[in-house]
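Chain by chain, the residues:
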Amino acid sequence: MRISLKEAGTLLQEAQNIVITAHVNPDGDAIGSSLGVMHYLRDLGKQVRVVIDDDIPRNFAFLNACDIIEKPTVAETGEKEPIDLLLILDTSIDRIGDVMEAFLPTRILNIDHHVTNALACPAVYLDADSAATAEIIYQLLQEMDAKITKDIAMAVYTGLATDTGFFRFPNTTPFTMRAAADLLERGAEPGIISEAVEAKPFVRVISMAKALEGAELLFGGKLAGIFLDRAAAESLDSTEGLIDSLRVIEGTDVSVLLKWKEDGVFRISMRSKKTNVSKVAAAFSGGGHERAAGCTLKMNFIEAKRTILEALEKAMET
């Protein structure tokens, strides 16, 4: 059921023992939004943890308390830990991994800005017009008359900046910029944030160059893709930033990165300038935005590459 922002704030105020989670393969918006809410709720004296079922990119280590983000622990007995509230941010409930296997919440609150959200939780606040979930969190903090400390400002600004391509993407609005300005006044340091998020070890730069050598231009140059089977994926230090390198190729509409995750499982990341890639992602139980989306394909490499290319070609034609 969809609820108002005020009702979402009430649920947070009423709960004492809270777990915050976000999607697997967390990005700056997921991490920044989670830590921003955690800092505020802890300042209120509540018992709050951030639990995400994936590794946290080390680029976000500059955020206070990033090092205490946990992974879910599923008991062998199947017994779940009771909590007052599970707060799911930046995704729908089907993309949080094993978190639901570890906790037994009295209530579940979902806050998101993805139009592909399945609206499957009992309480959902969804604003697909917001540039980032962090933008919603900023509004929520205002609704709750929160004191925004430097830790909160740093975290929420990180979410805003990363999901808007540091305010370059079309989802950036005048409200986004006003929110960012307010967060700057409350202690966010854009220089520290951008340098940390964009920093890459030398070996990663070399890995990116190696991967880009294998990039393909397809469909008359309308699509640029990198397709990594197990051997290629394991040879790279990281694929972070690859999709954005493809996005700037002149004349392309869609950029796609297909990456081996484990045997029979491939992660897909998509970016576009015109095509609605969220519909492609949704067709494979993924999610995202019109211009940035992702999904997971459970099949072999050849099938996965063929499947995603066929879907993207059809979407571009549409």
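Analysis parameters
Residues numbered from 1 in each chain as written. Predicted model: local features only at pLDDT ≥ 70, side-chain atom pairs only at ≥ 80, totals over all residues. Heavy atoms only, no water. UniProt positions renumbered as here; feature names shortened; annotations may be inferred. Helix = DSSP H or I, 4+ residues; strand = E, 2+ residues; numbered from the N terminus. Pairing = 2+ DSSP bridges. Contact = heavy atoms within 4.5 Å. Axes fitted to C-alpha atoms, helices over the stretch in contact; angles between N-to-C directions. Phe/Tyr/Trp six-rings, centres within 6.5 Å; stacked < 30°, edge-to-face > 60°. Buried < 20%, exposed > 50% of the residue type's maximum accessible area, 1.4 Å probe, protein only. Lys NZ or Arg CZ within 6 Å of the ring centre and 35° of its normal. Parallel < 35°, antiparallel > 145°, perpendicular 65-115°, else oblique. Left-handed = near helix turned anticlockwise from the far one by under 90°.

The chain is annotated in an unreviewed UniProt entry as DHHA1 domain protein of Selenomonas sputigena.

Engineer: Where do I start with the UniProt feature "domain: DHHA1" (unreviewed entry) in the chain in this structure?
Structural biologist: UniProt's feature table lists "domain: DHHA1" (unreviewed entry) at residues 239–317, given in the numbering used throughout. The span residues 239–317 is 38% helical and 32% strand by assignment, and the distance between its end C-alpha atoms comes to 28 Å.

Engineer: How do you make sense of the sheet that holds strand S6 (residues 216–218) when you look at a structure like this?
Structural biologist: What links the strands of a sheet is backbone hydrogen bonding, and the strands pair in either a parallel or an antiparallel sense. Ordered in space as S6-S7-S8-S9-S11-S10, the 6 strands form an open sheet in which the pairing is mixed. Edge positions in the sheet fall to S6 and strand S10 (287–288), since each of these pairs with one other strand and no more. Across 6 bridges, the pairing between strand S7 (residues 223–228) and strand S8 (residues 254–262) is parallel. Bridging from a neighbouring strand, Ile226 pairs with Leu257 of S8. Running over the sheet, helix H12 (residues 301–317) touches S6, S7, S8, strand S9 (265–272) and strand S11 (292–297) and is turned about 155° from S8.

Engineer: Before we go on, may I ask you to explain the sheet that holds strand S4 (residues 103–112) in this structure?
Structural biologist: Read from one edge of the open sheet, 5 strands run S2-S1-S3-S4-S5, paired in parallel fashion. Taken across any chain shown, the strands that pair with only one partner, and hence form the sheet edges, are strand S2 (47–50) and strand S5 (123–126). Pairs of neighbouring strands in the sheet enclose a mean axial angle of 20°, with direction left out of account. Pairing geometry for S4 and S5, over 4 bridges, is parallel. If you follow Ile111 over to S5, its bridge partner there is Tyr125. Lying over the sheet, helix H1 (residues 5–14) contacts strand S1 (17–22), strand S3 (81–89), S4 and S5, oriented at roughly 150° with respect to S4.

Engineer: Sorry, what's going on with the UniProt feature "domain: DDH" (unreviewed entry) in the chain here?
Structural biologist: Mapped onto this numbering, the UniProt entry annotates "domain: DDH" (unreviewed entry) at residues 17–159. Strand forms 23% of residues 17–159 and helix 29%; the C-alpha atoms that close the span are 24 Å apart.

Engineer: What am I meant to see in the packing of aromatic side chains here?
Structural biologist: For any two aromatic rings, the description comes down to two numbers: the centre-to-centre distance and the angle of the planes. Summed over all chains, the structure comprises 3 aromatic pairs. Judged by centre distance (5.8 Å) and plane angle (50°), the rings of Phe266 and Phe301 are tilted. Within this pair, whereas Phe266 is found in strand S9, its partner Phe301 is found in helix H12, the two being separated by 35 residues in sequence. Taking relative accessible area as the criterion, Phe266 reaches 3% and is therefore assigned buried. Using a relative accessible area of 24% as the deciding quantity, one classes Phe301 as partly exposed. It is Lys305 that lies over the ring of Phe227; its NZ or CZ is 4.7 Å from the centre.

Engineer: Looking at this model, I keep getting lost on the packing of helix H2 (residues 28–43) against helix H5 (residues 150–163). Mind explaining?
Structural biologist: The angle between the axes and the distance between the axes are what describe a pair of packed helices. The interhelical angle for the contact between H2 and H5, taken along N-to-C directions, is 160°, at an axis separation of 7 Å. Taken together, H2 and H5 sit at an angle that is classed as roughly antiparallel. In this structure, the crossing between H2 and H5 has a hand that is left-handed. Residues Gly28, Asp29, Gly32, Ser33, Leu35, Gly36, His39, Tyr40 and Asp43 of H2 pack against Asp151, Ile152, Ala155, Val156, Thr158, Gly159, Thr162 and Asp163 of H5.

Engineer: Please explain the packing of H1 against helix H4 (residues 133–143) as it appears in this structure.
Structural biologist: For the pair H1 and H4, interaxial distance at closest approach is 10 Å and the crossing angle is 75°. Taken together, the axis directions place H1 and H4 in an arrangement best described as roughly perpendicular. Where H1 abuts H4, its residues Leu5, Lys6, Ala8, Gly9 and Leu12 lie against Ile136, Gln139, Leu140 and Glu143.

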